[in-house]
Amino acid sequence: DGGGEGADGGGEGGGMIRIPYSSSPAIFAWELANEPRPMSHRPAYASWIARQAKLIRSLDPNHMVTVGSEGRTPYPEAGVDVVADHEHADFMTVHVWPQNWEWYAPSSAEGAAASLAAAIPQVLSYLSGHLAYASALHKPAVIEEFGLARDSTPPQNETFSPAATDSL
């Protein structure tokens with residue numbers, strides 16, 4: 001039940017506001033997993049999504065549920081079906097990692113500029129495709145993760161300058 005006596009500082013709550021997550025305005029949505037991939041287990045995966053979404057909604061009718069899918073991956077063996085996977089979700093999630101997916105390869109300063117210029121149309125096409133999926137589902141899409149790799153070995157980490165974030 002969340003316990004505690006509220007925000008007055010008394011009781012076992014120790015001054016914290018203690019309410020059930022199902023009543024919390026701080027919760028946006030529940031995500032089933034981060035980048036789940038059914039691989040060769042599509043029927044079991046589809047059933048799992050349906051069961052988990054139903055369970056979460058029975059426990060918390062106040063918040064949305066989503067899958068946490070990265071969307072269509074460049075790996076067919078992942079078994080992702082973006083439309084079917086989001087049938088029981090309230091919104092679609094999309095992740096875009098052009099460097100991880102080898103659309104962008106910053107091997108040198110000169111090559112990085114050309115590679116990035118080539119990757120941008122791929123990213124835009126990927127996002128457009130996912131917006132079309134969301135439209136077909138009549139659901140919003142959230143671009144949940146995006147960016148270029150930054151935690152790797154040279155030359156990638158030399159192109160991401162910590163000086164760019166020092167003033168933040």
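Here we summarise the structure given alongside this text. What you are looking at is a predicted structure, and each value in this text was computed from that prediction instead of being measured.

### Details of the nonpolar core
Soluble globular proteins tend to bury their nonpolar side chains together.
No. 1: In terms of nonpolar packing, the biggest core is built from 15 residues, with Met-92, Val-94, Val-96, Trp-103, Tyr-126 and Leu-127 touching the most fellow members.
No. 2: The set of elements that each furnish at least two residues to this core consists of strand S3 (92-96) and helix H3 (109-137).
No. 3: Ranked by the residues each element gives to this core, the list is headed by H3, at seven residues.
No. 4: When neighbours within four sequence positions are excluded, Leu-127 is seen to be in contact with Val-94, Val-96 and Ile-143.
No. 5: The next biggest cluster of nonpolar side chains, apart from the first, holds eight residues, and it includes Leu-32, Ala-53, Ile-56 and Ala-89.

### A look at H3
No. 1: Along its 29 residues, H3 runs 41 Å from first to last C-alpha, staying within 8% of the 42 Å computed at 1.5 Å per residue.
No. 2: Among all positions in H3, only Ala-112, Ser-115, Ala-119, Val-123, Tyr-126, Leu-127, Gly-129, His-130, Ala-134 and Leu-137 are buried.
No. 3: Residues of H3 that are buried in the fold lie against helix H2 (82-85), S3 and strand S4 (141-146).
No. 4: Just downstream of H3, His-138 is the residue with a positive phi angle, here 60 degrees.

Cut-offs and rules
Residues numbered from 1 in each chain as written. Predicted model: local features only at pLDDT ≥ 70, side-chain atom pairs only at ≥ 80, totals over all residues. Heavy atoms only, no water. Core = buried A, V, L, I, M, F, W, Y, C linked by side-chain atoms within 4.5 Å. Buried < 20%, exposed > 50% of the residue type's maximum accessible area, 1.4 Å probe, protein only. Helix = DSSP H or I, 4+ residues; strand = E, 2+ residues; numbered from the N terminus. Contact = heavy atoms within 4.5 Å. Expected span 1.5 Å × (residues − 1).

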